[in-house]
Amino acid sequence: MKSVRRTGMATRAAMAIASAASILALAGAVRADEIEYSVYYFRDNNKNTVATSAFSLAKTLYEKTLISLNIEMDQTTVPPLVDGVTGASRPSRQSKSAFRKNRGQIIGGVEQTLGENTRLMGKVYFSQEVDYQSLSFIGGISQDFAQKNFIVDIRGQYIVDSVGEILADGSILNRFKETHLGTVNLTQVLSPTAFVHGCVGVTRINGFQSDPYRKVEIPSTNPLVPDTIIERHPDMRWRQVVGLGVNKYLRDIDGAFTIDYKYYWDDWGLASNTAHIQFNKYITKDWIVSPSYRYYDQAGATYGEYQGGGTQSYDTEDYKLKLFGSNGAGIKVACFLRAFGRNRPAWEFLNNTAVSAEYFHYFNDMVPENFTADLFETKLRFAF
Amino acid sequence: MTLKSQLALFALTALALALGGCATVKPFEREMLADPIMDANLGFGNQGLVDKFFTTREGSIGCGTAVGGGCGCSK
């Protein structure tokens, strides 16, 4: 099997695409032109659902200039309010029926290779939905050193968000939020079968960071009927992350594992860390099975919850700012469709086509929420 | 994590990278590095859909592929 696998290696290398840019750079390979179509479905135990279709294209215009386009359409459905107070992430208007909204997203990008070892990248992102709008500019530079054994990738991003709130009369109140984000990724080849990668990131968020629909219960003179106020978070937040990972090919079993660890902390006092391990295994020369496991835990933010309702206090019911841990496990299967094109000249186009399907189950240990979610994703990729 | 721990983690990262820098892998030796199974995404793109789920449901952000705000962010 190994000899057969190696004869297909050049094709596989050519099929590696944008997301594996650093791997391609390590391999000294050229990114293939490709089209990809993805379908994604999310459902949680509160019956919130998100259905997404995404299309992406990467095309080399000239020898060293590559353009990319990504178009994504989402439909989010939030069930009717149960208690009308906490955890409700939808407008209270027409609260007895499901809240459904559509979202469109487009990302256009250009990547230019300069010389043998330098790549410049620029992207523009725009998304629109009835109560949210986002515009982003992304720039980056990637530099190879030591015969492409060491790669430095630096990225910067600026995001302007308009956070809308659908009011009782149907009008929309918009609030401003801006985000600056910087990331440095380092990748180092260790051997012909292993590389290590690290990252450092800083995010600065300024503006409206609350959920405009979420309300917080506060004590009142009648303990049976608590008062409610609108959630209020600080306007400024600095967030940092460091990460480290290793990818290792296991020749004897035609498999590979990837291990990643990240640590996050911010000036709201929230600190968290996550570890992810994934094992990818060829079960035939055209089929890959990939189980994975992810662990995450976080300490709650320290600025407190209800603090008296004064003008300088912050009030939240956002579970993402509380103490909790989560686990996730998934399995992914990928197939190179060349298996179906062999000995069929008319189906030769399948030689560059691959499909994948993934299921991921997620649950956290919060009480009483016990949030659980299921994610399904399928992808079809055609390289040309 | 204390500042000392952060510095230790960063130092370990730098050490790993520096040690790796001692090895030079030639282009013709990189066959396995280019294999799709060396990529957590198996050579497919658009990992942002799953990353975005974590970003919008947890206190984690950064060092990923998710960009922009919008759908799901206010949950």
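Residues numbered from 1 in each chain as written. Chains lettered and ligands numbered in written order. Predicted model: local features only at pLDDT ≥ 70, side-chain atom pairs only at ≥ 80, totals over all residues. Heavy atoms only, no water.

**Quick look at the pairing of strand 6 (residues 132-145) of chain A**
Residue and element names in this part refer to chain A. Side chains Tyr 132, Ser 134, Ser 136, Ile 138, Gly 140, Ser 142 and Asp 144 project from strand 6 onto a buried face, and the interleaved Gln 133, Leu 135, Phe 137, Gly 139, Ile 141, Gln 143 and Phe 145 project onto a face without burial. As defined by bridge partners, strand 5 (residues 118-129) adjoins strand 6 across 12 bridges and the pair is classed as antiparallel. Bridge pairing links Lys 123 to Ile 138 in strand 6. Relative to strand 7 (residues 150-166), strand 6 runs antiparallel, the two being bridged by 14 bridges. (Buried < 20%, exposed > 50% of the residue type's maximum accessible area, 1.4 Å probe, protein only. Helix = DSSP H or I, 4+ residues; strand = E, 2+ residues; numbered from the N terminus. Pairing = 2+ DSSP bridges.)

**Comments concerning the pairing of strand 12 (residues 236-250) of chain A**
Residue and element names in this part refer to chain A. Relative to strand 12, strand 9 (residues 194-207) runs antiparallel, the two being bridged by 13 bridges. Bridged to Ile 205 within strand 12 is Arg 237. Sheet topology places strand 12 next to strand 13 (residues 255-266); 12 bridges connect them, and they run antiparallel. For Gly 245, the partnering residue across the bridge sits in strand 13 and is Asp 260. What sits between strand 12 and strand 13 in their antiparallel hairpin is a turn of 4 residues, with Asp 254 showing a positive phi close to 50 degrees.

**What about the environment of Ser 326 of chain A?**
Among the secondary structure elements, Ser 326 of chain A is positioned in strand 16 (residues 324-336). Excluding its chain neighbours within four sequence positions, the residues that come into contact with Ser 326 of chain A are Arg 294, Tyr 295, Tyr 296, Tyr 362, Phe 363 and Asn 364 of chain A together with Glu 58 of chain B. A polar atom in the side chain of Ser 326 of chain A sits 2.9 Å from the side chain of Glu 58 of chain B. (Contact = heavy atoms within 4.5 Å. Polar contact = N/O pair within 3.5 Å; in protein donor to acceptor, adjacent residues only side chain to side chain.)

**Quick word on the pattern of salt bridges**
Residue and element names in this part refer to chain A. The final tally for this structure, using the stated rule, is 20 salt bridges over all chains. With a closest N to O distance of 3.0 Å, Lys 148 and Asp 144 form a salt bridge. Residue classification places Lys 148 among the buried positions, given a relative accessible area of 18%. Under the relative-accessibility criterion, Asp 144 is labelled buried at 3%. Salt-bridge contacts for Arg 214 lead to Asp 318; the nearest nitrogen and oxygen are separated by 4.0 Å. Of this pair, Arg 214 sits in the loop between strand 9 and strand 10 (215-218) while Asp 318 is found in the loop between strand 15 (287-299) and strand 16, placing the two residues 104 residues apart along the sequence. Residue Arg 214 is classed as buried on the basis of its relative accessible area of 4%. (Salt bridge = Lys/Arg side-chain N within 4 Å of Asp/Glu carboxyl O.)

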